[in-house]
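Secondary and tertiary structure notes
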Amino acid sequence: MLEVTDLVVRYGNATALDGVSLQVGEGEMVALVGPNGAGKSTLVNTLSGILRPVSGSIEVDGRLAQVPEGRQLFPDLSVADNLRLGAWRSRRRAGARDPRRIYEILPDLERMAKQPAGTLSGGQQQMVAVGRALMADPDILAVDELSLGLAPLVVADLVRHLRELNASRGTAVLLIEQNARLAFDLCERAYVLESGTITMSGSSAELSRSDAVARAYLGGLTDSEAS
Ligand SMILES: Nc1ncnc2c1ncn2[C@@H]1O[C@H](COP(=O)(O)OP(=O)(O)OP(=O)(O)O)[C@@H](O)[C@H]1O
Ligand SMILES: [Mg+2]
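Residues numbered from 1 in each chain as written. Chains lettered and ligands numbered in written order. Predicted model: local features only at pLDDT ≥ 70, side-chain atom pairs only at ≥ 80, totals over all residues. Heavy atoms only, no water.

**A few points about the sheet that holds strand β4 (residues 55-60)**
This is how the line gets drawn: Pairing between strands is defined by DSSP: at least two bridges between them are needed. Helical segments are the DSSP runs of H or I of at least four residues, strand segments are the runs of E of at least two, and each set is numbered from the N terminus. The angle between two axes is taken between their N-to-C directions and runs from 0 to 180 degrees, where each axis is a line fitted to C-alpha atoms and a helix contributes only its stretch in contact.
Read across the sheet, 3 strands follow the order β2-β1-β4 without closing on themselves; strand pairing throughout is antiparallel. On the outer flanks of this sheet lie β2 (14-24) and β4, each paired with one strand and no other. Taken over all neighbouring pairs, the strand axes of this sheet differ in orientation by 25 degrees on average, direction set aside. Bridge analysis of strand β1 (residues 2-11) against β4 gives 5 bridges, and the strand direction is antiparallel. The residue of β4 that forms the bridge with Leu-2 is Val-60.

**Details of the side chain of Ser-147**
For the record, the criterion: Residue exposure (1.4 Å probe, protein chains only): buried if accessible area is under 20% of the type maximum, exposed if over 50%, otherwise partly exposed. Should any heavy atoms of two residues lie within 4.5 Å, those residues are counted as being in contact.
Among the secondary structure elements, Ser-147 is positioned in the loop between β6 (140-144) and α5 (152-169). What makes Ser-147 buried here is its relative accessible area of 13%. Residues in contact with Ser-147, not counting those within four places in the same chain, are Val-155, Glu-177, Asn-179 and Leu-182.

**Points about unusual backbone geometry**
Positive phi is not limited to glycine here, since Asp-6 has a value of about 50 degrees. Among the structural elements, Asp-6 can be located in strand β1. Phi is positive for Glu-145, which is not a glycine, with a value near 65 degrees. Here Glu-145 shows up in the loop between β6 and α5. Here Glu-145 falls in the buried class, since its relative accessible area comes to 2%.

**Considerations on the sheet that holds strand β9 (residues 197-203)**
A sheet is described by the order of its strands in space; here 6 strands give the open sequence β5-β6-β7-β3-β8-β9, paired in mixed fashion. Both edges of this open sheet fall to β5 (64-67) and β9, since each of them pairs with a single strand only. For this sheet, the mean inter-axis angle between neighbouring strands, taken without regard to orientation, is 15 degrees. Here 6 bridges tie strand β8 (residues 189-194) to β9, and the two strands are oriented antiparallel to one another. Bridge pairing links Leu-193 to Ile-198 in β9.

Given below as structure tokens:
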């Protein structure tokens, strides 16, 4: 579904990604965790074509859509118009720009349809950002910081929607998260990105048992100690 090989991305002289390789299979949910400045957003922005790699390759089997870090909604536009913007590239298909098909997946958005996006709560805005990405009918969804700044209950609701989407439509997910526990719970497999390189990868269960991961990302406790 997604195959990234030896990706190198630079900002001027500064190397942000230094030979990153990773895969996401069809219908798979995969996590990418790492500290601030590791290059996570750089990776997502390169996947979606906002940034151009110096070298390496990205193969996507189907369509990839991005939920960008910090949502990036147009605050003065209505929720419905923000959703429509997610389909600006698919104007030719009949009904492609009709946000009503998103209300079937994210029903809460329907009653906010006419409200300016900037007046919504953080969690509601994140829901709009997910909905906007879904307007492109993606085969793989890259979510940059799902939980950032959101209360646990709100995050749980978003997670439920992602799970449902994955189960009912087979949409693959690449989940970028600073909350490693959440990422490992939701995804079978994970990669750890540090200073522009993948330092660890494996099943989420394995990674949560690793001391190095626990110290850096799980507040010092391995899964067995935590439970
Ligand atoms: N537009 C830019 N110009 C120059 N350097 C940049 C730019 N954007 C990011 N960087 C640098 O690239 C590195 C990776 O940044 P990136 O935003 O990808 O990290 P991140 O893992 O998403 O961090 P965070 O968890 O804080 O979102 C950092 O050192 C950052 O300072
Ligand atoms: Mg980031």
